[in-house]
Structures are given as structure tokens and as C-alpha cells.
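Given next are the chains, with one letter for each unit.
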Amino acid sequence: MRASPISFARGAPAPELIPAAELAECAYAVALRDGATIFAYGPGGGYAPLREWVSARHGVEPARVVLTVGGLQGFAFYAAVQLLRLPGRVLVEAPSYDRPLKILAREGAEIVALRMDEEGLDPDALEAELRRTSERPSFLYTIPTFQNPSGRTLSAERRRRIVEIATAHGLAVLEDDPYGLVRYEGKAPPSLHELEGGELVTYTSSFSKTAAPGLRVGYFVLPRSTAGAFEERAVSTYISPPFLAQATISEFIARGHFEPNLERVCAELRARRDAMTAALEETFPEGSSWSRPEGGYFLWLELPEEVATAELIDRAEPEGVTFVRGEDFFPPGSGLGLTSARLAYSYENPERITEGIGRLAALLL
Ligand SMILES: Cc1ncc(COP(=O)(O)O)c(C=O)c1O
């Protein structure tokens, strides 16, 4: 039987990173204790105790927190609400997470991709785009910490500048931060939300990377002016979310499992990141370069300029290694990312990572 491919494509936690037994106990306990509430319809904004926990962490009232069925569902709500209010351009980083790009295209937004580098989104590019025309963009979508796909983090100084620019132009910002807590070294910079105060910046995160993605629990911390319309989207889409999943997370936190689990996950991911960067260092040819994330799931690989990523993917497949083309993280037809790749190190163990990188390197000789 052929061994399963080594996947650097899956931006998902390996099964051993999911605290399945603890979550099962929490689910059983809450179902027995609160079943009559949990198995009924309820508030569209989510399970009250978890909503309160999120609101306390972010210093806002619970009415400004909406728990969603994963962060991505919430992105779709936010984009729909914001584009209805202010149709037109949505500013994104280049590269950016591919699923939101597809949602934006479906919503009819004009996607404007802004330059980024090792320090994250370039504030000069943002300012230039805002000055280019007097027409206000609908919003800026940014993933400032351990970005998907690049693994890059926006520096503290740039965060301040971006908040200044957004404030000066009255620009709504969606700060997507599912990886921020998955930090295994270095000091966390302040969030855009903290710096700005939450009037223009909406903050979103989820429990997909800190507990389990299959529970589908994400959350949004919204400006007062948007919270009602956002929650109304949730109600008109699914009436109320699956409370069992949200109550399970709430119980997981109440039992004191959240922090120790996060520490374990971070230690595992650090070993995987180290295995990947060491193998790249050892085996990859001159002319290649890659980001060095202090957390998260991904690194961004730039291949030597004569190597086309699409061709490498085709040759890697029979060798049993998969990853995602850089091109997929730019707006279609941009011609960018042709020699880049996103490598996820979250799904494979260190031994398989070393093996997989070695196989890719052999194709580049
Ligand atoms: C940047 C970013 N935002 C949002 C999500 C969506 O996560 P979920 O819907 O599981 O909360 C992901 C998932 O990989 C992501 O990378």
C-alpha cells in the first residue's frame, strides 16, 4: 500500500494536537447539566457564558460579541454587512488567506491587493491607495499576526501607523487573528483593536487553533454601530448557532484546560517549525528563502526565480509531498506568487517534515 502523502498543504492541526478526550468529557457534562437550554433555540449571538468570557478578555460589553460557526462564517457576515453599507473596494494584503478572497469575489467586491513584506502590510501602500481616489473603501481585511499564508507578523510600529491611517480616513478594518495565541516565542505586539479602541476595528478570532476546528466556534468583537446588523445576519442564516459546541468550549475553559492545552500545542508546533526550518537550511538550494514565524502554522517559501511553483507541485505529487501554490493567495490573474509556496507545518510530525522537505529539495537539484 502506498504511504499517505506528506501534507504541507493542510492548514489544520494534526489529530494529536486536538484535546479530544477532554473535549468529549466537557461535551458530555454540559449536555447532562444544561441540555434543556443547549438543545433548544437561543440567542443568535451565541452561548451567554462564552460570550461573556470573550467580552471580558476584550474589554467590551457582551452585546458587542457574536459567537459564529467558525471564524470564516463570521467573515462572510461581516463582508455582507459592510459591503451593503459601503459597496466597492475591499483592501487586502498580498498575499492573503484564499477563502475570504473567494467570498469577497462572490459578494461582488473589487479586491485591491496591497503590498506587504517581512514586517507585514506596508502602511505606505495603504496610504497611497486611500489617497488615490476620494471614494472610501468598504473595509481593510488584515491578518496581522502569523499571517495565513505567509507566517509574517505586522511590527508594532506599523500597527500604530495603520491605526493612525485608518482613523484619519475613517476606514473600517477587520483584524483576523486566529493564530495570535499560538505564539511559541517572542513578545506579542498590541492588536489593532486595542490600539484603536474598537470603533473602526472589528476583531475576530476562533477556537479552531486553540482547541479544535471541528467544533466550529469563532467570535467577533464588533463596533457598537455594527453589532446589531451582524447578529441579525446570524439569526437570518441559522436562527441560532450549535450551542453544544460553544458550551463545550466554555466548559473546557471553566475546567482550566485552555491554557495548559495551548502550551502543549505551542510546544508541538515549535518542534515542527524547527524541523522545517532546519531541513530547509540543510537541503534547499541557494536562491531560496523563507519566513521565520514565531508562532502559527505556516511559512512562506520563495523558490529560486527560475523554478515555477506549479511545476514543482506537479513533480512533488508522485514523490508523495503536497503544498499550496503561492499564486492561490493573490487575486486571480494578478501574476503574483508564481515562484512562492505556502508550507504548513501543523499537520505532520517533525520526522515526516524533515523527510518531506528532503524530497522537495531533491527535486530542485
Ligand atoms: C486567517 C484565517 N482566518 C480564518 C480562518 C477560519 O477559521 P475557522 O473558520 O476554523 O475559525 C482561518 C483558518 O485557517 C485562517 O487561517
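Here, every reference points to the structure presented above.
Residues numbered from 1 in each chain as written. Predicted model: local features only at pLDDT ≥ 70, side-chain atom pairs only at ≥ 80, totals over all residues. Heavy atoms only, no water.

Novice: Let's hear about the environment of Thr 133: which residues, and what values?
Specialist: Looking at the secondary structure, you find Thr 133 in the loop between α5 (123-132) and β6 (139-142). With 120 residues separating them along the chain, Thr 133 and Ile 253 place their C-alpha atoms 47 Å apart. Engagement of the side chain of Thr 133 in a polar contact is seen with the backbone nitrogen of Glu 135, the distance being 2.8 Å. (Helix = DSSP H or I, 4+ residues; strand = E, 2+ residues; numbered from the N terminus. Polar contact = N/O pair within 3.5 Å; in protein donor to acceptor, adjacent residues only side chain to side chain.)

Novice: Break down unusual backbone geometry for me, with residues and values.
Specialist: Residue Ala 94 is joined to Pro 95 through a cis peptide bond whose omega torsion reads 5 degrees. Between Asn 148 and the following residue, Pro 149, the backbone shows a cis peptide bond with an omega angle of 20 degrees. Structurally, the position occupied by Pro 149 is in the loop between β6 and α6 (156-169). Of note, the phi angle at Arg 216 is positive, near 60 degrees, even though the residue is not glycine. You can see Arg 216 is positioned in the loop between β8 (201-206) and β9 (218-221).

Novice: Quick rundown of the sheet that holds strand β11 (residues 298-302)? Include the residues and the values.
Specialist: The four strands are arranged β10-β11-β14-β13 in an open sheet whose pairing can be described as antiparallel. Strands with a single pairing partner mark the edges of an open sheet, and in this sheet they are β10 (289-290) and β13 (324-325). Across two bridges, the pairing between β13 and strand β14 (residues 340-344) is antiparallel. Looking at the pairing, Arg 325 lines up with Ala 341 of β14. Across the sheet, helix α10 (residues 258-283) lies against β10, β11 and β14, angled at about 15 degrees from β11, the strand it touches most. (Pairing = 2+ DSSP bridges. Contact = heavy atoms within 4.5 Å. Axes fitted to C-alpha atoms, helices over the stretch in contact; angles between N-to-C directions.)

Novice: I'd like to hear about the pairing of β8, residue by residue, with values.
Specialist: A regular strand places its side chains so that they alternate between the two faces of the sheet. Summarising burial for β8: six of the six residues are buried, a large majority. Residue alternation in β8 divides its side chains into two sets, Val 201, Tyr 203 and Ser 205 and Thr 202, Thr 204 and Ser 206, and both sets are buried. Examined bridge by bridge, strand β7 (residues 173-176) and β8 share four bridges and lie parallel to one another. Across the sheet, residue Glu 175 finds its bridge partner in β8, namely Tyr 203. Direction of pairing for β8 relative to β9: antiparallel, over a ladder of four bridges. In the sheet register, Tyr 203 faces β9, and the bridge partner there is Val 221. (Buried < 20%, exposed > 50% of the residue type's maximum accessible area, 1.4 Å probe, protein only.)

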